[in-house]
Every structure is written in structure tokens, then in C-alpha cells.
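# Structure at a glance
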Amino acid sequence: MDARTAQIVAYEALMRTDSLVRLSPMEILDIAQEYNHLYDVEKATLFGIIDRYVRGFSDFNGCKIFINTIPGHFLSPEDCALLKTRYESYLDCFVFELTEQNSTSDEELARLKSLSKDGSHTLIAIDDYGTGHSNIVNVLRYAPQLIKIDRELISGIQSDANKQLFVRNTIDFAHQNGIHALAEGVETAEELRTVIGRGVDLVQGFFTGRPT
């Protein structure tokens, strides 16, 4: 949601498993990694989510969709070309989140940016900023349009001066570089008021909307 207007600007596609599977999404990813099938998960995720969006385009009222990608397993040149052929006119509706587990290679980053329509910028977000590989070095290298501040830095921020300082500095840095800052995991009114007071652009979390 937009922190100033309270309007919904995007939805995030989340991995969930059927109740019969009895495995969490992280367990599925661990198994896929063990058996060398993370690429299959990545491809099924991207094609599946974009196809769902296109089939129900009017349901989303012009809002964008955030999609996580798996560093080291982004689509091959052939699959990138196939994705563009099928969905080129819709690709600007998506924000691709680079997750924190590993760094994304220059080659992968170039393929991701090639998904843009008519030479415009593919929208990229750095997920879970402040943890793991989501650091200042990658912000400079990826040149994202959004930074998603990790929920651990947002939880209880109203009573933690160090979190407030870090988040404020992150937001200031983002704005100085033309980047939007998003606060993840906002779960209480106090957290919401605090991050708005620190100048955040977007908010996401249970307080504004639970996954459905």
C-alpha cells in the first residue's frame, strides 16, 4: 500500500502448498535444491504467476505483482525469449524481487532486465534488505527501483531507537538515489505510524492485508 494515500499499488505472489502435501514452501525449496530442480521451480513460478495475472487481468485493477526469483536459477535465454513472446505486453506489470540467499550474477541480471517492454526498465526490488546478501554493494550493482526493508528491522521499531536510525538512513539513501523504500512485515498500528514517520513510501504486512 502507498504510505501516503493508503491505496493498494501491488500484490505479492507467495508460494503456498496444498494441505495434502504437508510440506512448507521452504521444505519444497530445500528438496528441489537437493535434487537439482530449483530451475524447474523458478520456471513454473514465473510462467504460472504471469499466466494467472493475464487470465484474470481485470481482477487486479491495474496493480502490479511482485514475484520472487531464485538467484543462480533465473530463466535461461531460451525461456526468457519464450516468456517475452507469450506475455510481452504484460511484463511491465511485474516487479521482480531478488532474494537474499545469494548474489545474482551479471549475466542473470542482464537477462532479467531484458524482460522489459519497448526498452523501458524492468522493475527490480531487493528483498529483505538489511540481511544476508541484500546489502549496499548489491544495491549499487543491481540499481533497483525498490528496496524492501526486512521485517526483522520493522518488528517493534516503535520502541527500538537503533532500528529507527537504520531504517531512516536506509530510506534517506534510497530517496537520494531515486529508489522507493518499502517496509515489510508491518503488523501493528504503532509500527505503521513509525515507518510512515520515517518517510517510507510503501508498506506491506498483516496490518494492511493478510495473504489469501
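Fair warning: this is a prediction, and the values are worked out from it, not measured in the lab.

### Digging into the environment of E187
Summarising the element assignment, E187 is placed in the loop between β6 (180-183) and α8 (189-197). What makes E187 partly exposed here is its relative accessible area of 35%. What E187 contacts, discounting residues up to four positions off in sequence, is R151, F206 and F207.

### Quick notes on the pairing of strand β4 (residues 123-129)
Of all seven residues that make up β4, six are buried, and the element is covered over most of its length. Strand direction decides the pairing type here: strand β3 (residues 94-98) and β4, joined by four bridges, are parallel. Of the residues in β4, the one forming a bridge with L98 is I126. Note: β4 against strand β5 (residues 146-149), three bridges, orientation parallel. Bridging from a neighbouring strand, I126 pairs with I147 of β5.

### A word on the side chain of T122
Within the secondary structure, T122 is located in the loop between α4 (106-113) and β4. A distance of 2.8 Å separates a polar atom in the side chain of T122 from the backbone oxygen of K113. Ignoring sequence-local partners within four residues, the contact set of T122 consists of F96, L112, K113, S114, L115, S116 and Q145.

### Let's talk about the sheet that holds β6
The sheet built from seven strands is open, its strands ordered β1-β2-β3-β4-β5-β6-β7 with parallel pairing. Single-partner strands in this sheet number two, and they are β1 (10-12) and β7 (202-203). Across the face of the sheet, helix α2 (residues 38-55) comes into contact with β2 (64-69) and β3 while running at roughly 170° to β2.

### Observations regarding the pattern of salt bridges
The final tally for this structure, using the stated rule, is 11 salt bridges. For D51, the salt bridge identified is with R55, shortest N-O distance 2.9 Å. One end of the pair is D51 and the other is R55, both in helix α2 and four residues apart, which spans about a single turn. A salt bridge links E107 to R111, with the shortest nitrogen-to-oxygen separation between them at 3.2 Å. Residue E107 and its partner R111 are both found in helix α4; the two are separated by four residues, about one turn of the helix.

### Notes on α4
Within the sequence span of α4, burial applies to E108, L109, R111 and L112. Within α4, the buried residues cover an arc of 160° as seen down the axis, which keeps them to one side. Pointing more than 90 degrees away from the buried face of α4 are the exposed residues D106 and E107. Where α4 is buried, its residues contact α3 (77-87), β3, β4 and α5 (136-142).

### Describing the side chain of Q164
The topology assignment puts Q164 in helix α7 (residues 161-176). Among the polar contacts listed, one links the side chain of Q164 to the backbone oxygen of Q158, at a separation of 3.2 Å. Discounting residues that sit within four places of it in the chain, Q164 has contacts with I157, Q158, S159, T194 and R198.

Parameters at a glance
- Residues numbered from 1 in each chain as written.
- Predicted model: local features only at pLDDT ≥ 70, side-chain atom pairs only at ≥ 80, totals over all residues.
- Heavy atoms only, no water.
- Helix = DSSP H or I, 4+ residues; strand = E, 2+ residues; numbered from the N terminus.
- Buried < 20%, exposed > 50% of the residue type's maximum accessible area, 1.4 Å probe, protein only.
- Contact = heavy atoms within 4.5 Å.
- Pairing = 2+ DSSP bridges.
- Polar contact = N/O pair within 3.5 Å; in protein donor to acceptor, adjacent residues only side chain to side chain.
- Axes fitted to C-alpha atoms, helices over the stretch in contact; angles between N-to-C directions.
- Salt bridge = Lys/Arg side-chain N within 4 Å of Asp/Glu carboxyl O.
- Arc of directions from axis to C-beta.

Everything listed here is a matter of coordinates, which is why it stays silent on function.
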